[in-house]
Amino acid sequence: MTDDDPLTGLDDVPWAQLQHSYGMADDVPGHLRAMQAGVWEGRYPPSAQLANHIVHQGTRSQAAVHTVPFLVRMALDPRLVDRHRFVGLLVAIAIGLDNNYLPNGYDAREDRAYLANLRGEADDWARWIGEAADDEQRKEREANWAQVLMDAEAVVCSYDAVREALPALAVLLTSGSPELRAETANLLAWFPESAATSIPLLKAFIAGEGSPGAAATGVVALGLLGEPATVPFIGRYLDSPIVELRWASAFALTRFGIAGPAVADVLTQVVAQPPEKTETMSFLEGSYSGLAAMALAETSEATTLRAVDAMLASLADCTGVEGFHDRYYTAHTLFTLIFPGDPAEPPQSFGDLSNVQQRVVRFAADQDEAAWPSGAMDALRRWNVPTRRSDLRVYAGIVRAGQ
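Here the residue numbering is sequential within each chain, running from 1 through the sequence in written order. Where local features are concerned, this predicted model is filtered to residues with pLDDT of at least 70; where side-chain atom pairs are given and counted, the filter is 80 or more; whole-chain, interface and lining totals use all residues. Working from all heavy atoms in the structure, the side-chain values ignore hydrogens and water.

A. Main features of the overall build of the protein. Counting secondary structure elements, the protein contains 19 helices and 2 strands. Over its C-alpha trace the protein gives a radius of gyration of 23 Å, about what one expects of a compact globule, namely 22 Å for 403 residues. If you line up the protein on its principal axes, its C-alpha atoms span 70 × 65 × 45 Å. Across the 403 residues that make up the protein, the buried fraction comes to 51%. The contact criterion used throughout is that any non-hydrogen atoms of two residues lie within 4.5 Å. The long-range fraction of contacts in the protein, counting pairs at least 24 apart against all pairs at least 6 apart in sequence, stands at 66%. The Shrake-Rupley method, run with a 1.4 Å probe sphere, supplies the accessible areas, and residue values consider only the shown protein chains as cover. Of the roughly 18,500 Å² of accessible surface on the protein, 50% is carried by carbon and sulfur atoms. Think of it this way: Lys and Arg go in the positive column, Asp and Glu in the negative one, and His and the chain ends go nowhere. For charged residues, the charge sits on one atom: NZ in Lys, CZ in Arg, CG in Asp, CD in Glu. Computed over 31 positive and 52 negative side-chain charges, the separation of the two mean positions in the protein equals 5 Å. Only DSSP runs of H or I covering at least 4 residues are called helices, and only runs of E covering at least 2 are called strands; the numbering of each starts at the N terminus. As a reference, a globule follows 2.2 Å times the number of residues to the power 0.38, and the radius of gyration itself is taken over C-alpha atoms. Exposure categories follow from relative accessible area, calculated using a 1.4 Å probe and restricted to protein chains: below 20% of the type maximum is buried, above 50% is exposed, and the middle band is partly exposed.

Given below as structure tokens:
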């Protein structure tokens, strides 16, 4: 290694003593080196393989924070390829899964408060451990407490480690790669504590950005930061001739409770006919329709027949592997919106459902039930609506029982 090698000091980290989602983290250096080399075997790039280990399903591990300095240096190294993947991994290390915090942004204070509360309960945990019936149960309880505390510390430490690197990473907004510029804008979106610095950078970036998807990512990022002073800037793009910017403006405005007819119209149009998906819109795997549906759910128009029909039109067009994310997020939003919570009086028949609920059920009855996300199916079950396609068709009166 040379002094300008991003992985300098990699072997000085006690990886074998750190945990990740699959055990000890002694395999992390190999993933980082593969990322640096830009070559891999198998279906997934090394950045995805590393993410699966250190932020599996959004759960940040003890090892995650220790990868941050190396990922930052690799992201800043112009000799490397696919640097947007490194920044994307930093987003995951900072907040976990972005779909958990869309469309309203991330508030690190909640995780810090949870960690503080845990530490404040240390004496209670100690008493609980001391009340164990035998040594085996005591060891089990000690391990449980240690893991809970470790996980909570990993969340806060990972977020803070990435936040400290933001000033260095902000230069990537001027990178020659639109994917890297977009992913950097995405990264800045999750740190409202750094908004005073990030907002001017994002405004300049948006104003000069030539890629519609990247510029739209910047507008969404402004919305997620949640600073009301940015509303006039965001709002100017609601009438843009560029559909990506109209969508981004409408999405971001809902973050501030601005959800009038003009905003709802844009979101409804984009749900039904989203722009072409590219890697330059980096939120939610680039799902314009999924994000539009999420924002539309924040408006009073969400449960109108027009909005529901737009979401159904989107689902009808979401086919094949390339449509997976659009289908997943749009369906989850639609079903949980139209079949919310637990009904006070579960419907006894199809006729007890509202018009929009009946429309959704008829649509679902013509689809492959294996394509729906579990959250959508759970929403139907809470309302005593069948989830199997054959049963749905009978329930909706499309066919008779036994046919």
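After that view, the rundown keeps rolling.
B. Expanded view of the pattern of salt bridges. Any carboxyl oxygen of Asp or Glu within 4 Å of a side-chain nitrogen of Lys or Arg constitutes a salt bridge here. If you walk through the whole model with that rule in mind, you get 21 salt bridges. Here the salt bridges share partners, and the residues they tie into one network are Arg 112, Asp 160, Arg 163 and Glu 193.

C. Local environment of helix α15 (residues 305–317). The span one expects for a helix is its residue count, reduced by one, times 1.5 Å. In this model α15 runs 18 Å from its N-terminal to its C-terminal C-alpha over 13 residues, within 8% of the 18 Å that 1.5 Å per residue would give. Those residues of α15 that sit buried are Ala 307, Val 308, Ala 310, Met 311, Leu 312, Ser 314 and Leu 315. On its buried face, α15 is in contact with α13 (261–272), α14 (288–296), α16 (324–338) and α17 (355–365).

D. Structural view of the environment of Ile 95. Within the element layout of this structure, Ile 95 appears in helix α4 (residues 83–95). Exposure remark for Ile 95: the relative accessible area of 0% places this residue in the buried category. Sequence-wise, Ile 95 and Val 321 are 226 residues apart; in three dimensions their C-alpha atoms are separated by 26 Å.

E. Up close: empty space enclosed by the protein. Space inside and on the surface of the protein is sampled on a 1 Å grid over the protein atoms alone, with a cavity defined as a set of points where a 1.4 Å probe fits but cannot get out and a pocket as an open set with protein on both sides within 12 Å along at least 5 of 7 lines; lining residues have an atom within 4 Å of a point. Grid points are joined across faces, edges and corners, and a volume is the space filled by probe spheres set on the points. Taken as a whole and judged by the stated rule, the model has 1 cavity of 30 Å³ or more. Taken as a whole, the largest cavity holds about 80 Å³ of empty space. If you go around the largest cavity, the residues you meet are Ala 34, Met 35, Gly 38, Trp 40, Pro 45, Pro 46, Ser 47, Val 81, Asp 82, Arg 85 and Phe 86. Those elements giving two or more residues to the lining of the largest cavity turn out to be α1 (28–37), α2 (46–54) and α4. In this classification, Asp, Glu, Lys and Arg are treated as charged, Ala, Val, Leu, Ile, Met, Phe, Trp, Tyr, Cys and Pro as nonpolar, and every other residue, Gly included, as polar. Broken down by class, the residue content of the lining of the largest cavity amounts to 7 nonpolar, 2 polar and 2 charged.

F. Up close: the packing of aromatic side chains. Pairing of aromatic side chains here covers Phe, Tyr and the six-membered ring of Trp, requires ring centres within 6.5 Å, and sorts the geometry by plane angle: under 30 degrees stacked, over 60 edge-to-face, intermediate tilted. Using the criterion set out here, one finds 14 aromatic pairs in the structure. Taken together, a centroid distance of 5.1 Å and an interplanar angle of 40° make the contact between Tyr 106 and Tyr 159 tilted. Placement of Tyr 106 in the loop between α4 and α5 (108–120) and of Tyr 159 in helix α7 (residues 135–169) is noted, with a sequence separation of 53 residues between them. With relative accessibility at 2%, the residue Tyr 159 sits in the buried group. Each ring, one from Phe 350 and one from Tyr 395, has its centre 5.9 Å from the other, and the planes form 85°; the classification is edge-to-face. Placement of the pair is Phe 350 in the loop between α16 and α17 and Tyr 395 in helix α19 (residues 389–395), with a sequence separation of 45 residues.

G. Just the nonpolar core, in detail. Grouping buried Ala, Val, Leu, Ile, Met, Phe, Trp, Tyr and Cys residues that are joined through side-chain atoms within 4.5 Å yields what is termed a nonpolar core. Among the nonpolar cores identified, the biggest contains 126 residues, and Trp 15, Leu 32, Trp 190, Trp 247, Phe 335 and Phe 339 are the most heavily contacted of them. For Trp 15, the contacting residues outside a window of four places in its chain are Leu 10, Met 24, Ala 25, Asp 26, Val 28, Pro 29, Leu 32, Ala 63, His 66, Thr 67 and Phe 70.

H. Representation of the layout of surface pockets within the structure. In this model, the largest pocket occupies a volume close to 1,700 Å³. Along the walls of the largest pocket sit 38 residues, with Ala 48, Arg 85, Leu 284, Glu 285 and His 325 positioned nearest its centre. Within the residue set of the lining of the largest pocket, elements represented by two or more residues are α2, α4, α8 (178–188) and α16. Counting residues per element, the lining of the largest pocket draws most heavily on α4, at 6 residues. Each residue belonging to the lining of the largest pocket can be placed in one class, and the counts come to 15 nonpolar, 15 polar and 8 charged.

I. Focus on unusual backbone geometry. Pro 103 follows Leu 102 through a cis peptide bond whose omega is 10°. If you trace the backbone, Pro 103 turns up in the loop between α4 and α5. Phi is positive for Leu 284, which is not a glycine, with a value near 50°. As for its placement among the helices and strands, Leu 284 is situated in the loop between α13 and α14. For Asn 384, which is not a glycine, the phi torsion comes out positive at approximately 60°. On the secondary structure map, Asn 384 appears in the loop between α18 (374–382) and α19. On the basis of relative accessibility, which here comes to 47%, the residue Asn 384 falls in the partly exposed class.

J. Just the packing of α2 against α4, in detail. Packing of α2 against α4 brings their axes to within 10 Å, and their N-to-C directions diverge by 10°. As summarised for this structure, α2 and α4 are arranged roughly parallel, according to the angle between their axes. Here Ser 47, Leu 50, Ala 51 and Ile 54 of α2 lie close against α4, whose contacting residues are Arg 85, Leu 89 and Ile 93. Classifying every residue of the contact of α2 with α4 by side-chain character gives 5 nonpolar, 1 polar and 1 charged. Orientation is described by lines fitted to C-alpha atoms, with helices fitted over the stretch in contact, and by angles between N-to-C directions that extend from 0 to 180 degrees. Working definition: roughly parallel below 35 degrees, roughly antiparallel above 145 degrees, roughly perpendicular at 65 to 115 degrees, and oblique for all remaining angles.

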